[in-house]
Amino acid sequence: MEVTVIGEGIDPVFEATEERPAVRLVKNEHFHRETVIHAEPVTPEGEPAPWYMFGGTFIFSSDARFRRAAGHYGAVPLHDRRE
């Protein structure tokens, strides 16, 4: 139900826990140089990163740090599904 967003541009306020796992924002450039952003779980150090896809969940925060890191004010898709 809740996640802890960590990464560049986001000052840590809370530590990630099992109840609020860490996710990071990922920016990709797509067609026409459009920047698209999503969030995905942080892989523990030393483990291979699995391939995640969108499972239907969005994350959002009204905190200005989230808005600055995401580059817009609005919900971000969470790519947390693995097959």
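My aim in this report is to walk through the structure given alongside it, one point at a time.

Quick notes on the rules
Residues numbered from 1 in each chain as written. Predicted model: local features only at pLDDT ≥ 70, side-chain atom pairs only at ≥ 80, totals over all residues. Heavy atoms only, no water. Core = buried A, V, L, I, M, F, W, Y, C linked by side-chain atoms within 4.5 Å. Buried < 20%, exposed > 50% of the residue type's maximum accessible area, 1.4 Å probe, protein only. Helix = DSSP H or I, 4+ residues; strand = E, 2+ residues; numbered from the N terminus. Contact = heavy atoms within 4.5 Å. Salt bridge = Lys/Arg side-chain N within 4 Å of Asp/Glu carboxyl O. Phe/Tyr/Trp six-rings, centres within 6.5 Å; stacked < 30°, edge-to-face > 60°.

### Some details on the nonpolar core
Part 1: Core analysis: the biggest nonpolar cluster contains 12 residues, these being Val-5, Ile-10, Val-23, Leu-25, Ile-37, Ala-39, Ile-59, Phe-66, Ala-69, Ala-70, Val-76 and Leu-78.
Part 2: Counting only elements with at least two residues in this core, the list comes to strand E2 (22–29), strand E3 (35–41), helix H1 (64–70) and strand E5 (76–78).
Part 3: For Val-23, the residues in contact, after removing those within four places along its chain, are Val-3, Thr-4, Val-5, Ile-6, Ala-39, Glu-40, Pro-41, Val-42, Ile-59 and Leu-78.

### So, the pattern of salt bridges
Part 1: Tallied over the entire structure, the rule returns 5 salt bridges.
Part 2: One salt bridge in this structure joins Glu-29 and Arg-33, with 3.0 Å as the shortest N-O distance.
Part 3: For Arg-33, a relative accessible area of 66% gives the class exposed.
Part 4: Linking Arg-81 and Glu-83 is a salt bridge whose minimum nitrogen-to-oxygen distance equals 2.2 Å.
Part 5: Judged by its relative accessible area of 41%, Arg-81 is partly exposed.
Part 6: Residue class for Glu-83 comes out exposed when judged on its relative accessible area of 74%.

### Focus: unusual backbone geometry
Part 1: Its identity as a non-glycine residue notwithstanding, Arg-33 has a phi of 60 degrees, on the positive side.
Part 2: Tracing the backbone through its elements, the reader meets Arg-33 in the loop between E2 and E3.

### Considerations on the side chain of His-38
Part 1: Structurally, the position occupied by His-38 is in strand E3.
Part 2: Those residues in contact with His-38 that sit more than four places away from it in its chain are Arg-24, Leu-25, Val-26, Asn-28, Val-76, Pro-77 and His-79.

### Details of the packing of aromatic side chains
Part 1: Taken as a whole and judged by the stated rule, the model has 2 aromatic pairs.
Part 2: Measuring from ring centre to ring centre gives 5.2 Å for Phe-54 and Phe-58, while their planes differ by 65 degrees; the resulting arrangement is edge-to-face.
Part 3: With a centroid separation of 5.4 Å and an interplanar angle of 85 degrees, the aromatic rings of Phe-60 and Tyr-73 are classed as edge-to-face. In this pair, Phe-60 is assigned in the loop between strand E4 (57–59) and H1 and Tyr-73 in the loop between H1 and E5, connecting sequence segments 13 residues apart.
Part 4: Taking the relative accessible area as the measure of exposure, Phe-60 reaches 45% and is therefore partly exposed.
Part 5: Its relative accessible area of 52% is what places Tyr-73 among the exposed residues.

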